[in-house]
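Residues per chain, in single letters:
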Amino acid sequence: MVDVDELKAKYLHLEFARSNFVVSAENSATLARLAGETRLQYTEPGHPDFEIFPAYLASLSAGRHLPIDFPSLGGIPVDGGKAVTSILPVPAGVPLKGRTHLHDIYAKSGRSGRMVFLVSRMEISDLADTLLALADSRMVIRERGTA
Amino acid sequence: MTIQCMADLEFGLEFGPWIPDTALESASSAANAVGWTNSARFSNHEGARKEGHPGALVPGILGMGFLCALIHREIPTARIENIDTVFRAPLLADQHCSVAAVITNIDAAQLTAELDLHIRNVAGETRIFGTATIRMPR
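Residues numbered from 1 in each chain as written. Chains lettered and ligands numbered in written order. Predicted model: local features only at pLDDT ≥ 70, side-chain atom pairs only at ≥ 80, totals over all residues.

Asks: Which parts of the structure should I look at to understand the overall build of chain B?
Replies: Scanning chain B for helices and strands turns up three helices and five strands. In chain B, the order of α-helices and β-strands from amino to carboxyl end is β-α-α-α-β-β-β-β. Structurally, chain B occupies a C-alpha span of about 55 × 30 × 20 Å along its principal axes. Looking at chain B as a whole, 43% of its 138 residues qualify as buried. In chain B, 62% of the contacts between residues at least 6 apart in sequence involve partners at least 24 apart. (Helix = DSSP H or I, 4+ residues; strand = E, 2+ residues; numbered from the N terminus. Buried ≥ 20, exposed ≤ 12 C-beta atoms within 10 Å, placed from the backbone. Contact = placed C-beta atoms within 7 Å.)

Shown next, in the form of structure tokens:
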């Protein structure tokens, strides 16, 4: 069984990925419209206050991103949830930067064994390094051999 | 009642249930919009079953989108400062679900409120739940 405290000591808050990207206003608006969003600042790319839909920001942190030397826990990671914190409106169509680190590691035990939760956090900023939003992705891994 | 300002909010005030569009075409389009195009899980029931799923799935981020939309529909002046969702079990495409929320805390001094959120399937099982913090105009 992996020692969660050791993992936290070694990996928490260490940046392990950087990316540069531009979000398409139309793609974000499409997701917002499909979700049933009614606020025009999310659904109409031509709106003067258009900004990226929060759920679209959540997709930016998707994927099984872990530090390259992170140990295998045995099970297959599944998507356990997403979170978004909005600090400033995130514009579409402009270069943005994402910096990702492991924000939390914890475990829960149940009848079928222990589940390890890994929360990776992408800090989304503009090219001036102004922090705009945080996008968290929660991965859940069922440890093998603990049932 | 349309909620416009902080004074309109009350502890325990419930929103929904609202029935969003969970059609397979919408689930697939949502996956395409965020670039998730290399899997059948969001676009094809049969293909999703071959991947081990009970059917084509509604992307979790679309579920989060339903929750954001509910907040904005019911509280048009709210700004979502934080939304945290737990994907407890998959939402299936082409199956109805209901989206609801309840106010669990109000901080009038900070002009913020907290909500509990959930999405349930037709059997009444919670598939996605979470919390949100919204900021309101005075």
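Next comes the rest of the description.
Asks: Which parts of the structure should I look at to understand the nonpolar core?
Replies: Side chains of a nonpolar character, in soluble globular proteins, are inclined to be buried together. In terms of nonpolar packing, the biggest core is built from 63 residues, with Leu31(A), Ala55(A), Leu57(A), Ala27(B) and Ile71(B) touching the most fellow members. With residues near it in sequence (within four places) discarded, Ala55(A) still touches Leu31(A), Ala35(A), Ile61(B), Leu62(B), Met64(B), Gly65(B) and Cys68(B). Of all hydrophobic cores here, the second largest spans eight residues; its members include Ile105(A), Val116(A), Leu118(A) and Ile141(A). (Core = buried A, V, L, I, M, F, W, Y, C linked by C-beta atoms within 7 Å.)

Asks: Would you mind going over the sheet that holds strand E4 (residues 113-126) of chain A with me for this structure?
Replies: Taken in spatial order, the ten strands line up as E1(A)-E3(A)-E4(A)-E5(A)-E2(A)-E2(B)-E5(B)-E4(B)-E3(B)-E1(B) in an open sheet, and their pairing is antiparallel. The outermost strands of the open sheet, each flanked by one partner alone, are strand E1 (15-22) of chain A together with strand E1 (14-18) of chain B. Strand-to-strand twist of the sheet, defined as the mean angle between neighbouring strand axes without regard to direction, takes the value 20°. As defined by bridge partners, E1(A) adjoins strand E3 (residues 95-110) of chain A across seven bridges and the pair is classed as antiparallel. Paired with Ser19(A) across the strands is Gly98(A), a residue of E3(A). Contacts from helix H1 (residues 4-11) of chain A reach E3 and E4 of chain A within the one sheet, and its direction differs from that of E3(A) by about 165°. Its contacts with the sheet place helix H3 (residues 60-74) of chain B against strand E2 (78-86) of chain A together with E1, strand E2 (79-87), strand E3 (97-107), strand E4 (112-121) and strand E5 (126-135) of chain B, and it is angled at close to 140° to E2(B). (Pairing = 2+ DSSP bridges. Axes fitted to C-alpha atoms, helices over the stretch in contact; angles between N-to-C directions.)

Asks: I tried to follow the environment of Cys5(B) on my own but got confused; where do I start?
Replies: All names here are of chain B. Tracing the backbone shows Cys5 in the segment before E1. The exposure class of Cys5 is exposed, given the 12 C-beta atoms found within 10 Å. When the C-alpha atoms of Cys5 and Ala109 are compared, they prove to be 13 Å apart, with 104 residues separating the residues in sequence.

Asks: Where do I start with unusual backbone geometry in this structure?
Replies: As a rule of thumb, non-glycine residues mostly have phi less than zero, and peptide bonds are mostly trans rather than cis. Following Gly16(B), the chain continues to Pro17(B) via a peptide bond in cis, the omega torsion being 5°. Of note in this structure, Asp129(A) is not a glycine but carries a positive phi near 65°. On the secondary structure map, Asp129(A) appears in the loop between E4 and strand E5 (131-142). The class of Asp129(A) is exposed, set by 9 C-beta atoms lying within 10 Å. Not every positive phi belongs to a glycine, and Asp94(B) is a case in point at roughly 70°. One can find Asp94(B) in the loop between E2 and E3.

Asks: Mind showing me how you'd approach the interface of chain A and chain B here?
Replies: Reports often express the size of an interface as the amount of accessible area lost when the parts come together. Residue-level contacts link 24 residues of chain A with 25 residues of chain B. It is E2(A) that provides the largest number of residues to the side of chain A that touches chain B, a total of eight residues. Residues that form the side of chain A that touches chain B fall into these classes: eleven nonpolar, nine polar and four charged. Where E2(A) lies against E2(B), five bridges are found, and the strand directions are antiparallel. Across the sheet, the residue bridging to Lys82(A) is Thr85(B), located in E2(B). (Nonpolar A, V, L, I, M, F, W, Y, C, P; charged D, E, K, R; others polar.)

Asks: Help me out: how do you make sense of the confidence of the model for chain B in this one?
Replies: Interpretation of the predicted coordinates at a detailed level should be avoided for regions scoring low in pLDDT. Summary statistics for chain B give a mean pLDDT of 95 and a share of 99% for residues scoring 70 or more. Confidence metrics for the complex model read pTM 0.94 and ipTM 0.96. (pLDDT = per-residue confidence, 0-100.)

Asks: Sorry if this is basic, but what is going on with H3(B) here?
Replies: Quick reminder: α-helices carry 3.6 residues per turn. Residues three or four places apart thus point the same way. Taking 1.5 Å as the rise per residue, H3(B) with 15 residues should run 21 Å; its terminal C-alpha atoms sit 22 Å apart, in good agreement. With 13 of 15 residues buried, H3(B) lies mostly within the body of the structure. (Expected span 1.5 Å × (residues − 1).)

Asks: Please explain the environment of Tyr106(A) as it appears in this structure.
Replies: Residue and element names in this part refer to chain A. Position of Tyr106 relative to the elements: it lies in strand E3. Along the sequence, Tyr106 and Leu118 sit twelve residues apart, while their C-alpha atoms lie 6.9 Å from each other. Contact partners of Tyr106, with chain neighbours within four places excluded, come to Val4 and Phe117.

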